[in-house]
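Chain and residue survey
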Amino acid sequence: MTEQLRVLIAKPGLDGHDRGAKVIARALRDAGMEVIYTGLRQTPEMIVEAALQEDVDAVGISVLSGAHMTLVPRVLDGLRQMGLDHIKVFVGGIIPDEDRDALKEMGVAGIFGPGSNTEAICDFVRQQLTET
Amino acid sequence: MDLVAQALDGNRYALARLISLVEDDDAASQTALSALYPHTGQAHLVGVTGPPGSGKSTLVNALAKLLRSKDTTVGIIAVDPTSPFTGGALLGDRVRMRDLAGDPGVFIRSMATRGSLGGLAQATNDAVKVLDAVGFDVVLIETVGAGQSEVEIARTAYTTVVLEAPGMGDEVQALKAGLMEIADILVVNKADRPGAARTARALEMVLNRNAAAEGDGWLPPILQTIALDGSGVSEVLKAIEDHRHHLCTTGLLAERERLRIEAELLNVLQRRLLNRLVSRVGNEQIQKWIERIAAREVDVYTATRELCQSGDRGAPIADPPRTVDLEC
């Protein structure tokens, strides 16, 4: 039996713009993955707990509120504390160029801004998850 | 410590890993399930089924909240469909279960059907066992959006709640066999919508109450809820508890358990035998038979008979025997 890739798509924080998250969830679904969609207004703690219960391989975080430098590190720290370092984290949304390096240093595997090609995102996720 | 010991010890990640092993049908899963099995049989297993959008996830969320207020721990398995084309799935039941986040007395697992058609996944039964074994008091099992014949849940759960929403069809729909028949409790959700009372009346008319009373002595109650704000949910929980009590006092619980195990055993046996036959005969042979059936040289029953015979002999046969071509 081949192992099925499972990805959590989560929207932390208070912005209600979930179109992007839904588009990515749909694209990953069409790429043959099992996508767990959490819906809006998740706290970082809720995202970590959902990732644990669902035993996912990756977490995609969509932030359009500008709060990514607060929310993303809290998800990464939470995953580490739970011993879930193996879970790859990627971020989508409005992420200014000057924050990208800092996020990657924290451990974010990939960052996708507006205009990103969904096919490229799927390829990236699959590649990230199958190379290890 | 191995995963089973860790999960029994309350480690939530070990529990999540075990469910994944079971889902991926990993070789280790059978060893784990053997070790877990003696710990099962304690939880009450409640199925929630109904058409897409009738409010299953929302009702599960409301029921779990209520159970938690009584200090009852709750495991949830929420099943959504796998795409028949890509093998992918979008599992969105957690969206309605935000209220339960952060509560260590709740564990939610989303599950894709991965090709099963009965409303549950192949591994749902085993995942339920894992949750049961590690000590959840109640396991709520939410099926995929069910149409008319996704009735597998009745074999998995002890109590089956069937949801309907107003305005989804006339009495003839309710008269049809299948989903309506497996209900231990019928719920008309979205009762604040027009037509709720009419839907409830339609259900009432078609439930043959006398037959039910003569059968197992349980009259499926018809309840109305607004799951979103929790109205009527305590009545549903009360009915679930009453039904559990009824099953225990009448000995029906043991009977349902026996039926469940029978179905499960036959199902596992069927898969095992099929796998054994396929590995003995070889996929190549099966492909050849498929071609011959497609070419109308043999029919599917003849092919099955031949395949079974060669499987019994234990060795792959050289080639399917050629039959005389039918005249066109």
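These numbers come from a predicted model, not from an experiment. (Residues numbered from 1 in each chain as written. Chains lettered and ligands numbered in written order. Predicted model: local features only at pLDDT ≥ 70, side-chain atom pairs only at ≥ 80, totals over all residues.)

Some thoughts on the overall build of chain A
Counting its secondary structure elements, chain A contains five helices and five strands. When the helices and strands of chain A are placed in sequence order, the string is β-α-β-α-β-α-β-α-β-α. Here the C-alpha atoms of chain A give a radius of gyration of 13 Å, agreeing with the 14 Å that 2.2 N^0.38 yields for 132 residues. In terms of overall dimensions, chain A has C-alpha extents of about 40 × 35 × 25 Å along its principal axes. Per-residue burial over chain A gives 49% buried out of 132 residues. In chain A, of all internal contacts separated by at least 6 residues, the share reaching a separation of at least 24 is 72%. (Helix = DSSP H or I, 4+ residues; strand = E, 2+ residues; numbered from the N terminus. Rg over C-alpha atoms; globule rule 2.2 N^0.38 Å. Buried ≥ 20, exposed ≤ 12 C-beta atoms within 10 Å, placed from the backbone. Contact = placed C-beta atoms within 7 Å.)

Some details on the overall build of chain B
Each helix and strand counted, chain B has 13 helices and eight strands in total. Counting across all 328 residues of chain B, residues that qualify as buried make up 39%. Here the analysis covers contacts within chain B between residues at least 6 apart in sequence; of these, 73% occur between residues at least 24 apart.

Remarks on the confidence of the model for chain B
With 90% of its residues at a pLDDT of at least 70, chain B reaches an overall mean of 87. Here the predicted complex scores 0.88 on pTM and 0.91 on ipTM. (pLDDT = per-residue confidence, 0-100.)

Things to note about the interface of chain B and chain A
Taken together, the 27 residues of chain B in the interface contact 27 residues of chain A. Broken down by secondary-structure element, the contributors of at least two residues to the side of chain B that touches chain A are helix 2 (12-23), strand 3 (89-91) and strand 4 (106-112) of chain B. Among the elements that take part in the side of chain B that touches chain A, helix 2 of chain B stands out by supplying six residues, more than any other. Considering only residue class, the side of chain B that touches chain A consists of eleven nonpolar, eight polar and eight charged. Relative to strand 3 of chain B, strand 2 (residues 34-37) of chain A runs parallel, the two sharing three bridges. Across the sheet, residue A:Glu34 finds its bridge partner in strand 3 of chain B, namely B:Ala89. (Nonpolar A, V, L, I, M, F, W, Y, C, P; charged D, E, K, R; others polar. Pairing = 2+ DSSP bridges.)

Some thoughts on helix 1 (residues 19-30) of chain A
Quick reminder: α-helices carry 3.6 residues per turn. Residues three or four places apart thus point the same way. For helix 1 of chain A, with twelve residues, the first-to-last C-alpha span of 16 Å sits near the 16 Å given by 1.5 Å per residue. Turning to helix 1 of chain A, its buried residues are A:Gly20, A:Ala21, A:Ile24, A:Ala25, A:Leu28 and A:Arg29. Close packing links the buried residues of helix 1 of chain A with strand 1 (6-10), strand 2, strand 3 (58-63), strand 4 (88-93) and helix 5 (118-130) of chain A together with strand 3 of chain B. (Expected span 1.5 Å × (residues − 1).)

Structural notes on helix 5 (residues 124-133) of chain B
All names here are of chain B. Of all ten residues in helix 5, ten are buried, a share of seventy percent or more. For helix 5, every residue scored as buried is listed here: Thr 124, Asn 125, Asp 126, Ala 127, Val 128, Lys 129, Val 130, Leu 131, Asp 132 and Ala 133. Phi for Gly 135, located one or two positions after helix 5, is positive at around 110°.

Regarding the pairing of strand 2 (residues 74-80) of chain B
Residues and elements named next belong to chain B. Counting buried positions over the seven residues of strand 2 gives seven, a clear majority of the element. Here strand 2 shows a buried face lined by Val 74, Ile 76, Ala 78 and Asp 80 and a second buried face lined by Gly 75, Ile 77 and Val 79. In this structure, strand 2 lies alongside strand 5 (residues 138-142), joined through five bridges in parallel fashion. Residue pairing in the sheet places Ile 77 in a bridge with Ile 141 of strand 5.

Quick look at the sheet that holds strand 5 (residues 110-112) of chain A
Strand-to-strand pairing in sheets goes through backbone hydrogen bonds, with the strands running parallel or antiparallel. Overall, parallel pairing links the six strands, which are arranged 5(A)-4(A)-3(A)-1(A)-2(A)-3(B) in an open sheet. The sheet is open, and its two borders are formed by strand 5 of chain A together with strand 3 of chain B, each paired with just one other strand. Here the strands of the sheet are splayed against their neighbours by 20° on average, with no regard to which way each runs. Pairing of strand 1 of chain A with strand 2 of chain A, which is carried by four bridges, proceeds in the parallel orientation. Residue pairing for strand 2 of chain A: A:Leu8 is matched across the bridge by A:Ile36. Its contacts with the sheet place helix 2 (residues 44-54) of chain A against strand 1, strand 2 and strand 3 of chain A, and it is angled at close to 160° to strand 1 of chain A. (Axes fitted to C-alpha atoms, helices over the stretch in contact; angles between N-to-C directions.)

A closer look at the pairing of strand 4 of chain B
All names here are of chain B. Of all seven residues in strand 4, seven are buried; the element is thus mostly enclosed. By the bridge criterion, seven bridges tie strand 2 to strand 4 in an arrangement that is parallel. By the bridge assignment, Gly 75 is partnered in strand 4 with Phe 107.

Notes on the nonpolar core
Formed by 119 residues in total, the largest nonpolar core has its most connected members in A:Val35, A:Val59 and B:Leu140. Residues lining this core come from more than one domain, with at least three contributed by each of domain 1 (1-38) and domain 2 (40-250) of chain B. When neighbours within four sequence positions are excluded, A:Val59 is seen to be in contact with A:Leu8, A:Ala10, A:Ile47, A:Ala51, A:Val75, A:Ile87 and A:Val89. (Core = buried A, V, L, I, M, F, W, Y, C linked by C-beta atoms within 7 Å. Domains from an automatic or database assignment.)

A look at the packing of helix 12 (residues 283-294) of chain B against helix 13 (residues 300-313) of chain B
All names here are of chain B. Where helix 12 meets helix 13, the closest approach of the two axes is 10 Å, and the angle between their N-to-C directions is 160°. Classified by the angle between their axes, helix 12 and helix 13 sit roughly antiparallel to one another. Crossing hand, helix 12 versus helix 13: right-handed. Along the contact surface, helix 12 presents Trp 289, Arg 292 and Ile 293, while helix 13 presents Val 300, Ala 303 and Leu 307. (Parallel < 35°, antiparallel > 145°, perpendicular 65-115°, else oblique. Left-handed = near helix turned anticlockwise from the far one by under 90°.)

What to know about the environment of B:Thr302
By the secondary structure assignment, B:Thr302 is in helix 13. Between the C-alpha atom of B:Thr302 and that of B:Gly178, which follows or precedes it by 124 residues, the distance is 33 Å.

Section: unusual backbone geometry
Phi is positive for A:Arg41, which is not a glycine, with a value near 55°. Mapping A:Arg41 onto the fold places it in the loop between strand 2 and helix 2.

Here we look at the sheet that holds strand 7 (residues 185-188) of chain B
Residues and elements named next belong to chain B. Here we have seven strands laid out as an open sheet, ordered 4-2-5-1-6-7-8, and parallel in their pairing. The sheet is open, and its two edges are formed by strand 4 and strand 8 (222-224), each paired on a single side. Here the strands of the sheet are splayed against their neighbours by 20° on average, with no regard to which way each runs. Contacting strand 1 (44-49), strand 6 (159-164), strand 7 and strand 8, helix 10 (residues 233-250) crosses the sheet at an angle of about 170° to strand 7.

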